[in-house]
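Examination of the molecular architecture
What follows is the residue order along each chain.
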Amino acid sequence: MSHRKDYRIWRKRMGRFHLVYYISMGTPSIEASLQMAETYLAHGVSALQFDLPSRNPYRETLFIRKRMAKAWETYGGYEPFLTALTEFRRKHPDFEMQMVSYEDVILTIGTARYIEFCKQNNIKTCRISGDGVIELARMDMNAAGIDTLTFIDYNLPEKDVEFAVQTGRAVMLRNVRDGMEPRDGMISWDRRIRYLRKRGVNAPIYATAGITCGASLLEAKQAGASGAFVGSCLMNLWDDEPAMLALLADLEQAANS
């Protein structure tokens, strides 16, 4: 079943560049993660994406992998995360809430329970990573009205491009990956996004990874990205709130310019 959407219609509906801030949950604690989420919202953020710690977060940077490993070591299960996020959503009903989950997370929680959690908390978009059996979970989520983002790595693997064209799902396009060579010399956002559009990817394309400031965000925006996911550059500054807030303001200015 195709879930194709015309990205031009999406852009008209959204009306502006769609900036989503990613928060890795559970390190140093669930409470600390949600406290930072409160700070983001208090400073004008309108969309947050939360993860649940995977035991095999193969797409993530070392920084996120370490955070997930520590969070899993601390909690060893998902109910504390689901309960805390549900309470956070109750307190803050008006922001756009998204999720990130790997295959092992979905299999541990169970697709039905995960969908129930998403519907309870008005979550309309999830990034689901994994192959094979996880596609059945994606289809169940789509049937329940939950969009599932697909992922295209920096080197534009053919199977990822074909999957994005086939399904019509929104794409998270990675900008950098250590040790990975670009496909056919396509090192810029502009070249990679134009290539994907030419190949028939009509859904929104979100820039992710390698965005460190307003200038790098603006580069992706001007290249035609529909939006962006920003996470580690801010999380690296959680112990220096003035610096974090200055960077947040810089990113917001670029997104809204």
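The structure reproduced in this document is the subject of the present report. (Residues numbered from 1 in each chain as written. Predicted model: local features only at pLDDT ≥ 70, side-chain atom pairs only at ≥ 80, totals over all residues. Heavy atoms only, no water.)

Some remarks on the packing of aromatic side chains
This structure, assessed with the given rule, holds 9 aromatic pairs. Note on W72 and Y78: the rings are 5.2 Å apart at their centroids and 45° apart in plane angle, and the pair reads as tilted. Looking at Y78, the relative accessible area reads 5%, which means it is buried. Ring centres 5.1 Å apart and planes at 70° place the aromatic pair Y75 and F81 in the edge-to-face group. Exposure remark for Y75: the relative accessible area of 24% places this residue in the partly exposed category. (Phe/Tyr/Trp six-rings, centres within 6.5 Å; stacked < 30°, edge-to-face > 60°. Buried < 20%, exposed > 50% of the residue type's maximum accessible area, 1.4 Å probe, protein only.)

Some details on helix α7 (residues 134-143)
Residues spaced three or four apart along an α-helix face the same direction, because each turn holds 3.6 residues. Of all the positions in α7, only I134, E135, A137, R138, M141 and N142 are classed as buried. Projected down its long axis, α7 shows its buried positions confined to an angular sector of 155°, all on one face. The outward face of α7, more than 90 degrees from its buried face, is lined by the exposed residues L136 and A143. Where α7 is buried, its residues contact α5 (103-109), α6 (111-120), β4 (125-129), β5 (147-152) and α8 (158-167). Looking one or two residues past α7, G145 carries a phi angle of roughly 90°, positive in sign. (Helix = DSSP H or I, 4+ residues; strand = E, 2+ residues; numbered from the N terminus. Arc of directions from axis to C-beta. Contact = heavy atoms within 4.5 Å.)

Description of the packing of helix α10 (residues 214-222) against helix α12 (residues 241-256)
Think of two packed helices as two axes; the pair is described by the angle between the axes and how far apart they sit. Between α10 and α12, whose axes approach to 8 Å, the crossing angle comes to 25°. Here α10 lies roughly parallel to α12, going by the angle between them. Both α10 and α12 take part in a crossing whose hand is right-handed. Packed against α10, whose contacting residues are G214, L217, L218 and K221, the element α12 presents D250, L251, A254, A255 and N256 at the interface. For the contact of α10 with α12, the residue count by class is 5 nonpolar, 2 polar and 2 charged. (Axes fitted to C-alpha atoms, helices over the stretch in contact; angles between N-to-C directions. Parallel < 35°, antiparallel > 145°, perpendicular 65-115°, else oblique. Left-handed = near helix turned anticlockwise from the far one by under 90°. Nonpolar A, V, L, I, M, F, W, Y, C, P; charged D, E, K, R; others polar.)

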